[in-house]
Amino acid sequence: MTRQDAFILSFRTVVSYRLRAILILLAMALGVAAVVVLTALGDGARRFVMNQFTALGTNLIIIIPGRSETAGGFIGALVGETPRDLTLEDAASLTALPGVRRFAPLNVGLSEISAGGLLREVTLAGSTASLLAIRRMRLAQGSFTADNGPNPAEAVLGAKIAHELFPTGNALGQRIRLGDRRFRVAGIFAMQGESMGINTDELVLIPFDHAQALFNTQSLFRIMVEAESRSAIESTKKVIRVALKLRHDGEEDVTIIGQDAILATFDKILRALTLAVSGIAAISLAVAGILVMNVMLVAVSQRTTEIGLLKAIGATHTDIRNLFLLETLWLAVAGAVVGIILGYLGSLGLRLAYPQLPAYPPIWASLAAIATALVTGIAASILPASKAARLNPVLALSRR
Amino acid sequence: MIALTAISRIFTMGDQEVRALNNINLTIAPGAYVSVMGPSGSGKSTLLNLIGLLDQPTSGTYLLENIDVTLLSETDQARVRRERIGFIFQSFHLIPRLTAAENIELPLILDGIPSAERKKRVRAILQQTNLLERADHRPSELSGGQRQRVAIARATILNPAVLLADEPTGNLDHKTGAEVIALLENLHRQGTTIITVTHDREIGARAHRKIQMRDGEVVSDD
């Protein structure tokens, strides 16, 4: 039997058992679609987080007082000892360093805000106007002009805070009280929602010198630095480390985190997550494979007399085995194609339902899904096909 | 030429041995017309399956055209079945999803003959067997006699030396049975060896050589 004839003959068999073909195809297609959609979801989540980080501000370097010996991340920094405070002088010294475009000192704390008899607790940030540029914060109204000080007592309110304290009128220019200090509302944040744990809608920003007075401290919580370019982040980090070490009597007591280090960590975690999710989806493909094996075994016993006849008219073991293998191959190929189509439609649906989630299926996942479908299909048909090939023709034909 | 020497075929059923064929010695000349008769369980179907290489003897030698075919590999035996032997069954054994023409074409496909050549040969044999207008019908749309004619066309399309018929008229009424027998006898006149296993005395009597079997042995041969 020529290869072409084997392909045609097996294809015709597949087509003639329509219900069986559709069911197997569906099982295969759902498995493939699951892999495609779930990887799209995982990869979409990764890109979503990456976008969030970029929204933090680009080329960001964060300087945290204290140093923990364990490498990386926030956690070490949070539990680290603080032998020496970060000061405004430390921050100001960075301006002259190569690679530093701008910096902003940052203090963060909780405070009570009150105006016109209304009172609530807010997250208070103290910084300079540079923070707005570094963190990509936008003002809807007014302005914030704080520099290294001393600064006038002005505050920028989050949109939600402004609305709560001044439900009836314009907050701009009004007087508010933060703790025991009075401020004038100089600006209002644009609605931006939450980004990496900071919600500007519920934030109050004041000049850092007033924040230090309010919190009764001389030190800084963080120094935010914007490097001149992404490629300059690494070198700038080094320069800052050396400069601060010099200022701190040769002691390296700050933690410097580049944005790309955080990005890389999250990237790694989310890639692993995507792989895990697609692995789970691949299990459904394996289940489909077992279904295929089951259906093909039934097909072999249903078509026993046909197999006996093919042997009687001169089909070899190989001919019969190939015919059954090709049958499943057709189904697996069709299932993979339909599955890819379903998967891409599903991902499109996800993107339409959640526009902020860039759920595009990665190419590698689609290829892996197709390959898995084909391998599973063929593996599942080896047993039924060789069973068919080994059938005793006399017994096969004696079944009426 | 078929030469069976001391052929035995023993089946084991549980702990019991069944001698389906017991020391058969038989020579069938090329172009012979042979009928094999006997009661159920006499071994006549086993004999036919052995001659058709669907079954292997437990002992003895089987020469087909001077080749000991029992020693051939599985693939070579399949080739012999394909090219030298034709089978006809009581229940036709047509593949239900294929048309008459496609059923007839199957042995040609298995033999690797190119498509254009196949179509030509199938058309020719459809014409000979008077099935041309039924070519595109599936077996379920054919009468019993037509089905058996399709089966005969399929068995003979590669011009086999031997045609083995196992109760070829068993599922047919008397008239269509006679038509099928006439078709077989026509093939015999063209030189094909015909071996028919049958219960029907009348059909058995038409053969030139009549073999009677009982309990796995040949009891009369004339």
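All values reported here derive from a predicted model rather than from experimental measurement.

**Observations concerning the overall build of chain B**
At step 1: On a plain count of helices and strands, chain B comes out with 7 helices and 10 strands.
At step 2: Against the globule reference of 17 Å for 222 residues, chain B gives a C-alpha radius of gyration of 17 Å, in line with a compact fold.
At step 3: Structurally, chain B occupies a C-alpha span of about 50 × 40 × 35 Å along its principal axes.
At step 4: Within chain B, the fraction of its 222 residues that count as buried is 55%.
At step 5: Roughly 9800 Å² of accessible area belongs to chain B as shown, and the carbon and sulfur atoms make up 48% of that amount.
At step 6: In chain B, the 25 positive side-chain charges and the 26 negative ones have mean positions that sit 5 Å from each other.

**So, the packing of aromatic side chains**
All names here are of chain A.
At step 1: Under the criterion given, the structure shown has 3 aromatic pairs over all chains.
At step 2: Considering the side-chain rings of F7 and W330, the 5.9 Å spacing of their centres and the 85° angle between planes classify their relative orientation as edge-to-face. Highlighted residues: F7 in helix α1 (residues 3-16) and W330 in helix α11 (residues 317-353), separated in sequence by 323 residues.
At step 3: Since its relative accessible area comes to 33%, F7 is described here as partly exposed.

**Remarks on a nonpolar patch on the surface**
Residue and element names in this part refer to chain A.
At step 1: On the surface, a cluster of nonpolar side chains totalling about 860 Å² of accessible area is made up of L26, L30, V333, V337, V338, I341, L342, L345, L348 and L352.
At step 2: When residues of the nonpolar patch are traced back to their parent elements, those giving at least two are α2 (18-55) and α11.
At step 3: Residue contributions to the nonpolar patch peak at 8 residues, all from α11.
At step 4: With respect to the secondary-structure elements, L345 resides in helix α11.

**Thoughts on the pattern of salt bridges**
At step 1: Considering all chains together, one arrives at 31 salt bridges over all chains under this definition.
At step 2: Among the salt bridges present, the one from R20(A) reaches E327(A), with a minimum N-O distance of 2.9 Å. Here R20(A), found in helix α2, pairs with E327(A), found in helix α11; they are 307 residues apart in sequence, far enough to count as distant. Accessibility assignment for this pair places R20(A) and E327(A) in one class, buried.
At step 3: Each of R20(A), R303(A), E306(A), E327(A) and R97(B) takes part in one network of salt bridges that share partners.

**Things to note about the sheet that holds strand β6 (residues 85-88) of chain B**
Whether parallel or antiparallel, the strands of a sheet pair through hydrogen bonds between backbone atoms.
Residues and elements named next belong to chain B.
At step 1: Spatial strand order, β6-β7-β8-β3-β9-β10: 6 strands in an open sheet with mixed pairing. For this open sheet the edge positions go to β6 and β10 (217-221), each flanked by a neighbour on one side alone. Along the sheet, successive strands turn relative to each other by an average axial angle of 20°, direction set aside.
At step 2: Running over the sheet, helix α5 (residues 144-156) touches β6 and β7 (162-166) and is turned about 165° from β6.

**Concerning the sheet that holds strand β1 (residues 2-13) of chain B**
Residues and elements named next belong to chain B.
At step 1: Strands sit in the order β2-β1-β4-β5 across an open sheet of 4 strands; the sheet is antiparallel. Strand pairing shows two members of the sheet lacking a second neighbour, β2 (16-28) and β5 (67-68), which therefore form its edges.
At step 2: With 2 bridges joining them, strand β4 (residues 59-64) and β5 adopt antiparallel strand pairing. Bridge pairing links L64 to I67 in β5.
At step 3: This element, helix α1 (residues 44-51), spans β1, β2 and β4 of the sheet and lies at about 120° to β1.

**Some thoughts on helix α2 (residues 74-84) of chain B**
At step 1: Along α2(B), the residues that are buried comprise Q77(B), A78(B), V80(B), R81(B) and R82(B).
At step 2: Those residues of α2(B) hidden inside the fold are in contact with α10 (304-312) and α11 of chain A together with β4, β6 and α3 (100-110) of chain B.

**A look at the interface of chain A and chain B**
At step 1: If you look at the interface, chain A gives 27 residues, while chain B gives 25 residues.
At step 2: A buried area of about 2300 Å², summed over both sides, lies between chain A and chain B, and 61% of it is on carbon and sulfur atoms.
At step 3: Of all residues in chain A, R12(A), L309(A) and I313(A) bury the most surface against chain B, accounting for 24% of the area lost on that side.
At step 4: Linking chain A with chain B are 3 salt bridges.
At step 5: For the side of chain A that touches chain B, the elements supplying multiple residues, two or more each, are α1, α10, α11 and α13 (393-398) of chain A.

**Quick look at the nonpolar core**
Residue and element names in this part refer to chain B.
At step 1: I2, L4, L47, Y62 and I195 are the most contacted members of the largest nonpolar core, which has 70 residues in total.
At step 2: Non-local contacts of Y62, meaning those with residues more than four positions away in its chain, are made with I2, A3, L4, I7, L50, I51, L53, I67, D68, V69 and T70.
At step 3: One finds L142, A153, I181 and A207 within the second-largest nonpolar core, a separate group that totals 33 residues.

**Thoughts on unusual backbone geometry**
At step 1: The backbone of R136(A) sits at a positive phi, close to 55°, despite the residue not being glycine.
At step 2: Along the chain, the position of R136(A) falls in the loop between α5 (130-134) and β4 (139-142).
At step 3: Take R136(A): its relative accessible area is 36%, and that puts it in the partly exposed class.
At step 4: Notably, E65(B) is not glycine yet its phi reads approximately 50°, a positive angle.
At step 5: Tracing the chain through its elements places E65(B) in the loop between β4 and β5.

**Here we look at the domain arrangement of chain A**
At step 1: Assigned domains within chain A: domain 1 (3-52 + 265-398) and domain 2 (103-229).
At step 2: Spacing between the C-alpha centres of domain 1 of chain A and domain 2 of chain A amounts to 58 Å.

**Quick word on the side chain of S42(B)**
At step 1: Structurally, the position occupied by S42(B) is in the loop between β3 (33-37) and α1.
At step 2: Aside from chain neighbours lying at most four places away, what touches S42(B) is A20(B), M213(B), R214(B), D215(B), G216(B) and E217(B).

**Notes on the side chain of T39(A)**
Residues and elements named next belong to chain A.
At step 1: Locating T39 in the fold gives a position in helix α2.
At step 2: In this structure the side chain of T39 is engaged in a polar contact, spanning 2.9 Å, whose partner is the backbone oxygen of V36.
At step 3: Setting aside residues no more than four positions away along its own chain, T39 makes contact with G44, T274, S278, P362, W364 and A365.

**Some points on the environment of T169(B)**
At step 1: Here T169(B) is to be found in the loop between β7 and α6 (174-189).
At step 2: Judged by relative accessible area, T169(B) falls into the buried class, the value being 11%.

What counts and what doesn't
- Residues numbered from 1 in each chain as written.
- Chains lettered and ligands numbered in written order.
- Predicted model: local features only at pLDDT ≥ 70, side-chain atom pairs only at ≥ 80, totals over all residues.
- Heavy atoms only, no water.
- Helix = DSSP H or I, 4+ residues; strand = E, 2+ residues; numbered from the N terminus.
- Rg over C-alpha atoms; globule rule 2.2 N^0.38 Å.
- Buried < 20%, exposed > 50% of the residue type's maximum accessible area, 1.4 Å probe, protein only.
- Areas by Shrake-Rupley, 256 points an atom, 1.4 Å probe, with all protein chains shown as cover.
- Lys, Arg positive; Asp, Glu negative; His and termini not counted.
- Charge placed at Lys NZ, Arg CZ, Asp CG, Glu CD.
- Phe/Tyr/Trp six-rings, centres within 6.5 Å; stacked < 30°, edge-to-face > 60°.
- Patch = residues over 30% accessible without salt bridge, like charges linked within 9 Å, V, L, I, M, F, W, Y side chains within 5 Å.
- Salt bridge = Lys/Arg side-chain N within 4 Å of Asp/Glu carboxyl O.
- Pairing = 2+ DSSP bridges.
- Axes fitted to C-alpha atoms, helices over the stretch in contact; angles between N-to-C directions.
- Contact = heavy atoms within 4.5 Å.
- Buried area = accessible area lost by both parts, 1.4 Å probe.
- Core = buried A, V, L, I, M, F, W, Y, C linked by side-chain atoms within 4.5 Å.
- Domains from an automatic or database assignment.
- Polar contact = N/O pair within 3.5 Å; in protein donor to acceptor, adjacent residues only side chain to side chain.

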